[in-house]
Amino acid sequence: MTSGISASNSSTGLPAEIISYTIAGCSEHSGNYVADNIKVDRPHDQASRWSGAQQAPSMKQWILLRLDTLAVVKSITFGKFHKTHPCNMKEFKVYVGLHQDHMVQVLHTCLKDNAVPESFTIPETNKAGLRFPSRFVKILPLSAHGQSFHVSIWHVSVAGIVEPAYVEAVRARYDEYRETVIARHILKHLRQRRMLMPYMSILSRTRLELEHPLVTALHSSLVLQGDFPSAELVLSQMASANLFDDYLRSCQPRARWTRLNGTNADGDAPGPRGGHAMALDASRGVIYLFGGWDGRKSLDDLWAYDIGAERWEILCRSTAKEKNGPGPRSCHKMVCDSKTGCLYVLGRLGDDVGKISSSRSPSEEGRGQARTQTGERNPNDQQGMSFCSEFYRYHTRGLDGGKWDLLSFDTATSGGPQLIFDHQMVMDSETQTIYVSGGRVVNGDWDSPKYSAFYSYDVRSSKWKLLQPISASGLSSSVQSSISHRSGHSMVFDSHAHALFVFAGQKDDRYLSDMCAYDTESNTVTELFSNFSSVGGPDACFTQRAVIDPTLKEIYVFCGLSRSQQTEALTVLKADAPNWVYRYTHPNIPGTWTQILPEPLRKDIDRSKTDTEGIMLNYGEGEYGTEWDDDIPRPRYAHQVVYDEKTRKAFLHGGNAGETKDEENEHGEPSGDGRDTGIRSRGESGEGPREPERIASSSAGYRRGLAFRDGRMEGSENRNDEEDVEHHSWTRMRELRLDDFWSMTLIRAGREEVVRRAVYQIRQQRFREMCEDQPPLSALRYLQTEVADVVDHSDSEEADIFRSLLPHLLVVAPLGIATPTGSGGISAHRDQGSGIHGDDTEEEVSEGQDWQRKIARSEDVPPKKRTRSQSPGEEELVWTSMIEGNDGGSTWGEVEGYGFEPTAGSCHPWSGSIEPTPLSIAKMARSSGQKRSHAVLLLDEDPLEVTSSGSDSVHDGSKTRAKPLSADRFRQRTEVFEGLLELVEPGAKQPEGSLLDLVDSEGGL
């Protein structure tokens, strides 16, 4: 952790100044170690510190600083004693805010136990990306470095922007933001509580928009009016207004793969290889491919693929023969400058750094017996080997088109990285900057891996720079390792947010599953995940490939080698290896992982044999007699992927698909048609010193499975000695390099699908209401036709919900259709709310009752009873809240805040004689004695509803007026409405959360 903080704000250009402060308060201190001591930096004065009177964490300790001027705080620095001290503060938290009673946590980190002052960046924006000012800074020590020691703080310095005009403008915007947020929450709360008059009054006076007008129209038609057809029409309008697009992108997608067979005029295309490099010239729609390892040698051919014309073109058969051209290599990286069309190539694992020859007999064991193609020497012998890190540029257009430039013979001599492979490289064309992360250093020592650091290269000045990021979260531990100190990882660049995402890879014997984001403008890094596997992401992986769509804020990850259990160090190339989508709203805020739904992998694969006990399947034709489905690419690693934002397609080429079998006779001559020469474990392409080849007998009992363990390939085999003697043949396991070329498009649910799902929710609610208001057969017909018509019966969850709707016909008896009489018979009463009248429905009611009785007997589900009025002129029946007590008597309670008490002369409501009356307001008072609002608790009809009309109507002579909406039904419709809001993008709907949460927050109300 560097102790320095940039002197200026890159986004504002204003300098960050040291801010003076006073001690506004603190917890009890020990001896003379008062809090004022931290204002002065005296590292050699042992008494110049604050020390708590109690040992943490038994007592909460704190220091509150009041800044002398309102400021946008940028950093906080902790001075230390001139040598290690057991009382030095270790873990701590920092809060900032305008008021000492309402502060927000901005840091939770640790200090090192040394004499070096440490500075930490304070986030200056909230989650909405808005800057905020601070007046108070609170420090909460949590532990000391020494056990059983009191915590000591020696010196604290706060820096930030204090320019009055700027800070006042920030405060004004922040105050307006807070007012807007709270006003929108109030509006949401009032509408949920059915207080429409104050809701409309606030809207008209503030001119705020709670949500998109179409969302408001949906609430009015669905909740207030119960006009379900109009609500469905509004949903279609919302889809046309793109309000569902954000949800559509969040849906689990499917991959549509298309195999590309374009060749050049001679019918040629790039051959099988792994560990090659690809780059896309987005401005011209051209993909460039260079080098790789074909299983026998490193390659140096250069190809170009025209996306529009769907055709390959060979640019150079051998770049080594070109002037200043690079030699054969693999595990290198190549980027394209979309402005100039130039390609930049860095790193290699070539034939001159220990590549093992392709000829080896079954008896050869150990790396010491290996031969190189350039001579008979041990690959660990550094004598005569070249470890220079050349850096090349290739011009694809312009006057120098087709020419190579050797920018550097050895980047290490000019402040850049050493010779590396399995690194990552991206380019910011706007700033003409190339970023290089990690990679394994090639120095001849294969047993003690060394990893490269994090660098940037300025194309304009031709200068390298070693980057040392500062942790945005303030973590004092080294953040350099978050971006480098790994190989075979992924790194992508969001050109809109100027952020790099670095994740996964391998370090020593560990596969990683972490992820961090690096801000190229502020030189800060944020850890997003320490283990994304634990939050539903991929397993720890190596040699996976990733591309990014910065417009959609999505990263697409394509499978590689993975380890699901770190403790076993078992590396697997899964037969059903999934690809992933990572979605984020802001680079510094952790996003969500979604697995891309897989296509069928094999036509007749035995799923019981996939990924069982760490088995890595072999994908060639063999004893199982299976073939890979030609409609999708097989799992692989050491492949290459690029992404075209214009067409939103990913392009995949080549890679290593694992091992296939090739047989040799007793003379060591190949008897199969395998193309590889053995197992290679160093480098993404497998290049580098190889482990001894695994020789297995050719027998019917041979188990076709391999696993990597501790970086070495192990074979699983069952030998049959008798067959070995009889046939005198050997089976050699060979890695299969691929030359297939694919494009992938993600297929997501369309707008019509989202509308269908939303309509399904609305029709469920309409059916539930029909069960209460209309005859059973009418509701049943609606269920069988209108509801069933929008159900995806192939979706088990939707089908289960559909089946669960049927019991609603039994649980709720329709109003005025079948009510018990005093003699136990059934009498039909007119239901004024349903429009059904006596004689017109007598036959239908009878049939409905008979059907209901049959279903009730088969399901054994007793219907819940409702009170009914004695007078047919009463408008509506009311649910009872009375339940039986344990002693057989009756108890009167409240249901979700709605209570009833019996009046004089009342009897059990199930008898149907007397309707219960609401509890008095006095009995619904709070414990504090303050009376609650009747409308808040009971969701009474608002006066504005009386003037509105909807589908719920009752007839009173010649007049038609709206039927009062019950509180229960209002609540049900509101739940459906808010469920539909999950489909709407955040900026177009009411705010998340509730005002009620403030009661349970720290400090409460």
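Keep in mind it's a predicted model, so treat the numbers as computed, not measured.

K.L.:
Explain the sheet that holds strand β34 (residues 545–549) residue by residue, including any values.
P.N.:
Whenever strands of a sheet pair, they do so through backbone hydrogen bonds, lying parallel or antiparallel. Within the open sheet, the four strands sit side by side as β34-β35-β38-β39. Their pairing is antiparallel. Across the chains shown, the open sheet's two edge strands, defined by having one partner strand only, are β34 and β39 (592–595). Each strand axis lies, on average, 20 degrees off the axis of its neighbour in the sheet, ignoring direction. Sheet analysis places β34 next to strand β35 (residues 554–558), joined by five bridges and oriented antiparallel. Paired with Ala546 across the strands is Val557, a residue of β35.

K.L.:
How would you summarise the nonpolar core if you had to cite specific residues and measurements?
P.N.:
Of all hydrophobic cores here, the largest spans 47 residues; its most connected members are Leu222, Leu235, Met238, Phe244, Phe767 and Val787. Residue assignment for this core shows that the elements contributing at least two residues are α3 (213–224), α4 (228–240), α8 (751–773), α9 (776–787) and α15 (967–980). Take this core: its biggest share by element is nine residues, from α8. In this view, Val787 contacts Tyr760, Arg763, Phe767, Tyr782, Phe802 and Leu805; residues no more than four positions away in its chain are not counted. Counting residues in hydrophobic clusters, the runner-up holds 38 residues, among them Val73, Phe132, Ile139 and Ile161.

K.L.:
Outline the packing of aromatic side chains, listing residues and values.
P.N.:
Counted according to the given criterion, the structure contains 33 aromatic pairs. Taking the centre distance of 6.3 Å and the plane angle of 75 degrees together, the rings of Phe503 and Trp593 count as edge-to-face. Residue Phe503 is found in strand β28 (residues 499–503), and its partner Trp593 is found in strand β39; the two are separated by 90 residues along the sequence. Side by side, Phe503 and Trp593 carry an identical accessibility label, which is buried. Relative to Trp593, the ring of Phe532 lies with its centre 5.0 Å away and its plane at 45 degrees, an arrangement referred to as tilted. Of this pair, Phe532 sits in the loop between β32 (524–529) and β33 (540–542) while Trp593 is found in strand β39, placing the two residues 61 residues apart along the sequence. For the residue pair Phe532 and Trp593, the accessibility class agrees, reading buried in each case. An aromatic cluster is present here, built from Phe501, Phe503, Phe529, Phe532, Tyr582, Tyr584 and Trp593 joined pairwise through their rings. Above the plane of the ring of Tyr33 lies Arg49, whose end atom (NZ or CZ) is 4.3 Å from the centre. The ring of Trp62 is capped by Lys138, whose NZ or CZ atom sits 5.2 Å from the centre of that ring.

K.L.:
Kindly report on the sheet that holds strand β16 (residues 333–336), identifying the contributing residues and their values.
P.N.:
Read across the sheet, four strands follow the order β16-β17-β18-β19 without closing on themselves; strand pairing throughout is antiparallel. Both edges of this open sheet fall to β16 and β19 (404–408), since each of them pairs with a single strand only. Taken pair by pair, the neighbouring strands of this sheet meet at an average axis angle of 25 degrees, ignoring direction.

K.L.:
Explain a nonpolar patch on the surface residue by residue, including any values.
P.N.:
Side chains of Ile182, Ile186 and Leu998 sit close together on the surface and give an oily, nonpolar patch of about 210 Å² of accessible area. As for its position among the elements, Leu998 is in helix α16 (residues 997–1000).

K.L.:
If you had to explain the environment of Leu214 to someone new, which residues and values would you point to?
P.N.:
Looking at the secondary structure, you find Leu214 in helix α3. Given the relative accessible area of 18%, Leu214 is considered buried. Note: C-alpha distance between Leu214 and Lys989 (775 residues apart in sequence) is 9.7 Å. Residues within four places of Leu214 in sequence aside, it is in contact with Val234, Gln237, Met238, Ala241 and Leu243.

K.L.:
So what's going on with the packing of α8 against helix α10 (residues 796–804)? Residues and values would help.
P.N.:
The contact between α8 and α10 brings their axes to 12 Å, and the two run at 15 degrees. By the angle class used here, α8 and α10 are roughly parallel. α10 is crossed by α8, and the crossing has left-handed handedness. Across from Arg756, Arg757, Tyr760 and Gln764 in α8, the residues of α10 making contact are Glu798, Ile801 and Phe802. Classifying every residue of the contact of α8 with α10 by side-chain character gives three nonpolar, one polar and three charged.

Reading the values: the criteria
- Each chain carries its own residue numbering, running from 1 in the written order of its sequence.
- Residue-level local features of this predicted model are given only where pLDDT is at least 70; pairs of side-chain atoms are given and counted only at 80 or more, and the full residue set underlies all totals for whole chains, interfaces and linings.
- Calculated side-chain values reflect all of the structure's heavy atoms, with hydrogen atoms and water omitted.
- DSSP bridges decide pairing: two strands pair if at least two such bridges lie between them.
- Put simply, DSSP H or I for four residues or longer makes a helix, DSSP E for two residues or longer makes a strand, and each gets a number counted from the N terminus.
- A fitted line through C-alpha atoms serves as each axis, taken over the contacting stretch for helices, and the angle formed by two N-to-C directions is quoted from 0 to 180°.
- Throughout this description, the term nonpolar core refers to a set of buried Ala, Val, Leu, Ile, Met, Phe, Trp, Tyr and Cys residues connected via side-chain atoms within 4.5 Å.
- Classification of residues uses two cut-offs on accessible area relative to the type maximum, computed with a 1.4 Å probe and protein chains only: under 20% is buried, over 50% is exposed, and between them is partly exposed.
- Residue contacts follow a heavy-atom distance rule, with two residues in contact if any of their heavy atoms lie within 4.5 Å.
- Between the rings of Phe, Tyr and Trp (Trp by its six-membered ring), a pair exists once the centres lie within 6.5 Å; its type follows the angle of the planes, with under 30 degrees stacked, over 60 edge-to-face, and the other angles tilted.
- Charge-over-ring placement is defined geometrically: NZ (Lys) or CZ (Arg) within 6 Å of the ring centre, and within 35 degrees of the ring normal.
- To count toward a patch, a residue needs a relative accessible area above 30% and no salt bridge. Like charges then connect within 9 Å, nonpolar side chains (Val, Leu, Ile, Met, Phe, Trp, Tyr) within 5 Å.
- Computed with a 1.4 Å probe, the accessible areas rest on the Shrake-Rupley method; for each residue, only the protein chains presented here act as cover.
- When a carboxyl oxygen of Asp or Glu lies within 4 Å of a side-chain nitrogen of Lys or Arg, that pair is called a salt bridge.
- The scheme is simple: roughly parallel for angles under 35 degrees, roughly antiparallel for over 145, roughly perpendicular for 65 to 115, oblique for anything else.
- Less than a right angle of anticlockwise turn of the near helix away from the far helix marks a crossing as left-handed, whereas a clockwise turn marks it as right-handed.
- Under the grouping applied here, Gly and all other residues not named as nonpolar or charged are polar, the nonpolar ones being Ala, Val, Leu, Ile, Met, Phe, Trp, Tyr, Cys and Pro and the charged ones Asp, Glu, Lys and Arg.

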